[in-house]
Amino acid sequence: MSKLDNLLDNVPTDLWINGKGRKSSDGARFDVIDPATEQRIASVASASIDDANAAVTAAYEAFPAWAARKPRERGEILRKAFTLMMRDAERLARLVTLENGKPLSDSRGEVAYAAEFFRWYAEEGVRNLGANSISPASGARIFVHHKPAGVGVLVTPWNFPAAMATRKIGPALAAGCPVVLKPASETPLTMLALMPILEEAGVPAGVVNVIPSRRSGHVVDAMLHDPRVRVVSFTGSTDVGRRLLRSAADNVLNTAMELGGNAPFIVFDDADIDAAIEGAMIAKMRNMGEACTAANRFYVHEKVSDEFTEKLAVKMTSLKMGNGLHDGVAVGPLANAEGRDKVIELVDDAVGKGAKVLIGGKKPEGRGYFYPATVLANVPDNAKMVREEIFGPVASLQTFKDEAEVIRRANDTEYGLVAYLYTRDVGRGMRVSEQLDFGMIGLNRGLVSDPAAPFGGMKQSGIGREGAHEGLREFLETQYVSLNW
Ligand code: NAD
């Protein structure tokens, strides 16, 4: 227990508003649970609508001074935030594992990835370039620049408690926008732990506010109807994203939506199978499948299906399941009981419709929301897991015969976040990529997330992009001055 206490030392457990911890207006709190033990880790303040209002006030009042800082000054603060986050990386990684359950190796990767958004936007914020031209018709000067859009409301999921937040905070701050962040109720501690770090980096009070809440729907809705708010940036499920888009319509907010996925992972018969296995293990098992980018449907050419399936099953069998804080563990618990129950339901449904369990497929006894690494072969097209996000360590395998067929099946989804494909023929790889309706393609790669690349989806996987220069634009408004001199 003492180890745990150390980990929670200096982690605020109240709301973080205007640079200070503060209880919720009605004293409400909720428990954060360790998914490996089902024990309470901490009790955290639960924001009310009044608290959300106070957080928006703090952000709104901080806006003029923050927007007026020189881009380089904001950049230096973000650069320092990167350095300090890396200084504290191990502590933050352990905290991520404690509240989310993922293995420490995944948490370490996440914290480094998360910190990179501060470094990237420290550099990108000074490249808010405009344009200048002459109107062909009138001869007036067309002078274009980009202004900070205003207060941003950020809503983030539990699967990457650090990175999904810094991917929004980094560009918002670089653009000159203050924010109010509502983290997921499962994992509020990571962002609360980041607040003293941002303060040390020089982020002024009120520029980043964090309000965990068990009353997400009411609290977020109130903020989206506050005329002082101009941006809503959400990462989470497509269902909640749709709801927020409806709310955002009333005040016509700028919206950035990073929603669900249903990634196909296509292995052609000319693929380097060992490389495909390596990519598959990352695309499927990073975060134990609890990722919007997780490979959800494997389509393997029938000529190489036996080899791929056998090798994948061997690799998946070798993964050790246990408490993510322990050495050598590759499969921690899922983040919550509902997530685990959904995986059980999807596997049972697929098996009931004829899928064959090669390994795993059975919930272990005992405490913790564990589910083992599982490989299912011959999954039929009508299985629910072909349509819905599995969000767990389950590889669902199907075969295909030709290119046109697999493109059609891969695109047959409302989602369009990421697709993976493996082939030694780069010409084919590019041809197929162009026909896939997905915002990101991993061509002979099982990982696409990169702060320097535009992350985001087509179709019902979202609107807008995070990372790269595009991420900055989500927090900027274009203004054009028609000018005579
Ligand atoms: P979720 O949609 O249930 O919750 C996301 C956030 O929204 C949480 O903070 C939650 O408290 C809040 N929320 C829930 N209901 C709300 C409401 N009515 N109004 C306002 N806020 C509300 O998602 P989750 O279960 O936390 O995360 C998993 C989902 O996130 C998956 O669908 C996954 O694909 C998606 N995701 C997408 C990306 C991406 O970049 N596209 C990245 C990570 C996760």
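As a reminder, the structure under discussion sits directly above these lines.
Cut-offs applied
- Within each chain, residue numbers correspond to sequence positions counted from 1 in written order.
- Only residues with pLDDT of at least 70 are given local features in this predicted model, and only at 80 or more are side-chain atom pairs given and counted; all residues enter the totals for whole chains, interfaces and linings.
- Where side-chain values are given, they derive from all heavy atoms of the structure, hydrogens and water being excluded.
- A pair is scored as a salt bridge if a Lys or Arg side-chain nitrogen falls within 4 Å of a carboxyl oxygen belonging to Asp or Glu.
- We count a stretch as a helix when DSSP gives it H or I for four or more residues in a row; a strand needs E for two or more, and each element gets its number in order from the N terminus.
- Any residue under 20% of the maximum accessible area for its type is buried, any over 50% is exposed, and the rest in between are partly exposed; the area is computed with a 1.4 Å probe on protein chains only.
- When DSSP finds two or more bridges between two strands, those strands count as paired.
- Angular values range over 0 to 180 degrees, each being the angle between N-to-C directions of two axes fitted as lines to C-alpha atoms, with helices fitted over their stretch in contact.
- Each Phe, Tyr or Trp ring, with Trp reduced to its six-membered ring, pairs with another whose centre is within 6.5 Å; inter-plane angles below 30 degrees give stacked pairs, above 60 give edge-to-face pairs, and intermediate values give tilted ones.
- A ring is considered to have a charge above it if a Lys NZ or an Arg CZ atom is located within 6 Å of its centre and within 35 degrees of its normal.
- When we say a residue is near a molecule or strand, we mean one of its heavy atoms is within 4 Å of it.
- Polar contact is the term for a pair of N or O atoms within 3.5 Å; when the atoms are in protein, one must be able to donate a hydrogen and the other to accept it, and sequence-neighboring residues count only if both atoms are side-chain atoms.
- Residue burial considers only the protein chains on display, and all accessible areas are found by Shrake-Rupley using a 1.4 Å probe.
- Cavities and pockets were defined on a 1 Å grid built from protein atoms only: a cavity is a group of points that admits a 1.4 Å probe but offers it no way out, a pocket is an open group of points flanked by protein on both sides within 12 Å along at least five of seven lines, and a lining residue is one with an atom within 4 Å of any such point.
- Should more than half of a molecule's atoms lie within 2 Å of a pocket's or cavity's grid points, that molecule is taken to sit in it.

**Student:** I would appreciate a short explanation of the pattern of salt bridges in the present structure.
**Tutor:** In a structure, side chains of opposite charge can pair up when their charged atoms sit close to one another. Counted under the stated rule, the structure contains 34 salt bridges. Glu116 serves as the salt-bridge partner of Arg119, at 2.7 Å between the closest nitrogen and oxygen. One end of the pair, Arg119, and the other, Glu116, are both in helix α5 (residues 104-124), 3 residues apart, so they sit about a helical turn from each other. Looking at Arg119, the relative accessible area reads 27%, which means it is partly exposed. Arg167 is the salt-bridge partner of Glu466, the closest N and O atoms lying 2.5 Å from each other. You can see Glu466 sitting in the loop between β21 (462-463) and α15 (468-473) and its partner Arg167 sitting in helix α6 (residues 163-175), a full 299 residues away along the chain. The residues Glu466 and Arg167 share a single accessibility class, namely buried. Through salt bridges with shared partners, one network takes in Asp269, Asp270, Lys303, Glu403, Arg428 and Arg431.

**Student:** I tried to follow the sheet that holds strand β6 (residues 141-148) on my own but got confused; where do I start?
**Tutor:** Hydrogen bonding along the main chain pairs the strands of a sheet, whether they run parallel or antiparallel. With antiparallel pairing, 3 strands are arranged side by side in an open sheet as β5-β6-β22. The open sheet has two edge strands with one neighbour each: β5 (131-134) and β22 (476-483). Between one strand and the next, the sheet's axes are offset by a mean angle of 25°, whatever the strand orientation. When β6 meets β22, the two strands line up antiparallel, connected through 8 bridges. Residue His145 lies in a different strand from β22, and its bridge partner there is Gln479.

**Student:** Would you mind showing me how to read the sheet that holds strand β14 (residues 356-359) here?
**Tutor:** Strands sit in the order β14-β15-β16-β13-β12-β18-β19 across an open sheet of 7 strands; the sheet is mixed. At either end of the open sheet lies a strand with only one pairing partner, and these are β14 and β19 (440-443). Within this sheet the neighbouring strands show an average axis-to-axis angle of 25°, counted without direction. Bridge count for strand β12 (residues 263-267) against strand β18 (residues 418-422) is 3 bridges, and the pairing is parallel.

**Student:** For this particular structure, what's the right way to read the packing of aromatic side chains?
**Tutor:** One pair of aromatic rings is described through two measures. These are the centre distance and the angle between the planes. Applying the stated rule across the entire model yields 7 aromatic pairs. Summarising the aromatic geometry, the rings of Phe268 and Phe400 are spaced 5.6 Å apart at their centres and angled 85° between planes, so their arrangement reads as edge-to-face. Of the two residues, Phe268 sits in the loop between β12 and α10 (273-285) while Phe400 sits in strand β16 (residues 394-400), which places them 132 residues apart along the sequence. The class of Phe400 is buried, set by a relative accessible area of 1%. Taken together, the aromatic side chains of Phe265, Phe298, Phe308, Tyr420 and Tyr422 make up a single cluster linked through ring pairs. Against the face of Phe455 rests Arg167, its NZ or CZ located 4.0 Å from the ring centre.

**Student:** I'm lost on the site of the ligand in this one. Help?
**Tutor:** In the vicinity of the ligand lie 29 residues, with Thr156, Arg167, Ser237, Leu259 and Glu389 positioned nearest. Contact between the ligand and Arg243: a nitrogen atom at 3.3 Å from a side-chain N or O atom of the residue. Against a free-state accessible area of 850 Å², the protein chains account for coverage of 87% of the ligand. A molecule is said to occupy a pocket when more than half its atoms come within 2 Å of that pocket's grid points, and by this definition the ligand occupies the largest pocket.

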